[in-house]
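Structure at a glance
Listed below are the residues making up each chain.
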Amino acid sequence: MIRITAAASATIIDAANQYAMCIGQSSAEIDTYQGLNWQDADGNLYAATSFMVSPEWLVAAQEPLARPAWDTTGFVDMVLAEQGQAALRFWSPDMDTPAPLAAPGLLTAYANSGIQEALAAMGLTEVNDPAAGEE
Amino acid sequence: MILRDVLSPVLSNVLVGLLGSVSFSPAELFAAGEPGQLMPVDPAYLYQDTAGTTLVTAPGQSVALNKDQSGRGSHDTQATAGSRPIYGKHPANGYRNMLYGSDTLVTQNVTTIATQKTLSFTGTGAVTLTGTYIGALVGIGAGRTSLTFTPTAGTLTLTVTGSVTLAMLEDAAAFTTYQRTGASSGVAWPTPPSYDITEAGQPDLHYLHYNGVSSFMVSPTITPGIDKAQVFVGVRKLSDAAQAMLLELSTNAGATPNSFSLQAPGPGTSFRFVSGGSITAAGIADATGFPAPTARVLTGISDIAGDNATLRVNGVQAAQSTSDQGTGNFLAYPIYTGRRGGTSLPLNGLVYSKIVRFGANLTAAQIASTESWTAQRNGVAL
């Protein structure tokens, strides 16, 4: 299994969630990117997630999209899903390219990089201020 | 005769103690139909789908359904794949091996801090260390060879050549009993390097890993019908980087009357228990000075009419608020575990068991028994 940590820019949350549904198991994947809890140096907001996938899933996620078998009612907006996939910037430590930073309009995903380490490498910090004292 | 008279009460007390601890079941807390949740993390109750048709069969699998054992059917679920916690196990004496795939080691990176470490393994191969420490260790065959060193903070790369077996890297001045680790969890220390860690002679502890980003579970709406609640959680807090929600009645107990929350951490390195009636979040109990990583038994005791919000840590009262919480019973909400309302304050930690009970105040003996039960599940010595 491979750990994926991904951050979706606030500007493409809907597309990222449609994409997540398209490569996922059910309509529940529409909640994959929830909560704009991460920000870049310019204050742009992101929703993040982290999960384990098989190598086969990882390949399929980067191939041309097709309506998932579970979606028999046309629930997934395939146009938005393709926009989500087009926004994907995937990176793995074994690639010979620099790790991409998160940026507005992008869905940035790292493989096998640790969760907090991946988000930090994307240039993201948590919005939640530990000194804020949430009740 | 005299000796027997002297020993009898002592032995009797020992037997009562033993039988008492053996016979206690937290199901007793729900015997009168009290609402709540009773959730030892046990693969017998964990499912890979929300419908409950496919059991979790191995560490590293994500959990979509955790079946409540209170008898109330307040099961935790998570329909979204990317938000599910992951089931794992480690030995009762904790996890020390910082490597994954330790039976036959492959080249890998480890996040280190500047503390003394010992690398050991069997086999005829070699491990070259680069990054936060420069060195090498060559195997001697069937015997265990070791190297003790102190790296700097950062990333230590272990490059493997040849046969390196039964490998272990630990925070110690000498190697200790071997711990076998399975496939990588893909998460940096102090999170377990693998969701499958075992040690000969040690029973397994079972946990759910909440990843500090997206994982959480939620119960159905629970109708408490009373103004008193008790919460018992066995947890290993892995980070103090940001305030995090261990569990919460409602989507935000800080803004919702007649609800409560338990936080790990609260502000700083604390644990926080918050309880409020008609006066929202009026009772705040902060137990300070518990820096991560740390495994603890947390007990939250709440009584709205009694103006009590108490937080116990490892069986000892650590904080209490007697502020006026107002009036009313706890209201009907779901319980969120691992994230506030499913959207913010994500928990970075391991949860070994969870009990939430809405019912009359417990006796000191009942609290102690439940804390002991909880401690057995996360390896804490009370």
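Heads up: these notes are all about the structure in this document. Everything quoted here is computed from the prediction, not taken from an experiment.

1. A short note on the packing of aromatic side chains
Residue and element names in this part refer to chain B.
- Taken as a whole, this structure holds eleven aromatic pairs over all chains when the rule is applied.
- Through a chain of ring-to-ring contacts, three or more aromatic side chains come together here, namely F260, F273, F330 and F358.
- If you follow R144 out to its NZ or CZ, it ends over the ring of F175, 5.7 Å from the centre.
- Note that K237 overlies the ring of F271, its terminal NZ or CZ placed 4.5 Å from the centroid.

2. Here we look at the sheet that holds strand β8 (residues 126-131) of chain B
All names here are of chain B.
- Pairing in this open sheet of four strands is antiparallel, and the strands run β6-β11-β8-β9 from one edge to the other. In the strand order of this sheet, the two ends are held by β6 (108-112) and β9 (135-138), each with one partner. Each strand of the sheet is rotated relative to its neighbour by a mean of 20°, with strand direction disregarded.
- Relative to strand β11 (residues 154-161), β8 runs antiparallel, the two sharing six bridges. Paired with T130 across the bridge in β11 is T157.

3. Observations regarding the interface of chain A and chain B
- Across the contact, 27 residues belong to chain A and 40 residues belong to chain B.
- Summing both sides of the interface, chain A and chain B together bury roughly 2,400 Å²; the carbon and sulfur share of this comes to 48%.
- Between the two partners, chain A and chain B, sit zero salt bridges.
- Inspection of the chain A/chain B interface yields 13 residue pairs in polar contact (both at pLDDT 80 or more).
- Mapped onto the side of chain A that touches chain B, the elements with two or more residues apiece are β3 (45-53) and α4 (115-121) of chain A.
- Per-element accounting of the side of chain A that touches chain B gives the leading share, five residues, to β3(A).

4. Topic: the sheet that holds strand β12 (residues 165-170) of chain B
Residues and elements named next belong to chain B.
- Strand order in this open sheet of three strands is β10-β7-β12, and the pairing throughout is antiparallel. Of all the strands in the sheet, the pair left with one neighbour each is β10 (141-149) and β12. The sheet shows a mean angle of 10° between the axes of neighbouring strands, direction not considered.
- Pairing analysis gives six bridges linking strand β7 (residues 117-123) to β10, with the strands arranged antiparallel. Each residue of the ladder has a partner; that of L119, found in β10, is L147.

Cut-offs and rules
Residues numbered from 1 in each chain as written. Chains lettered and ligands numbered in written order. Predicted model: local features only at pLDDT ≥ 70, side-chain atom pairs only at ≥ 80, totals over all residues. Heavy atoms only, no water. Phe/Tyr/Trp six-rings, centres within 6.5 Å; stacked < 30°, edge-to-face > 60°. Lys NZ or Arg CZ within 6 Å of the ring centre and 35° of its normal. Pairing = 2+ DSSP bridges. Helix = DSSP H or I, 4+ residues; strand = E, 2+ residues; numbered from the N terminus. Axes fitted to C-alpha atoms, helices over the stretch in contact; angles between N-to-C directions. Contact = heavy atoms within 4.5 Å. Buried area = accessible area lost by both parts, 1.4 Å probe. Salt bridge = Lys/Arg side-chain N within 4 Å of Asp/Glu carboxyl O. Polar contact = N/O pair within 3.5 Å; in protein donor to acceptor, adjacent residues only side chain to side chain.

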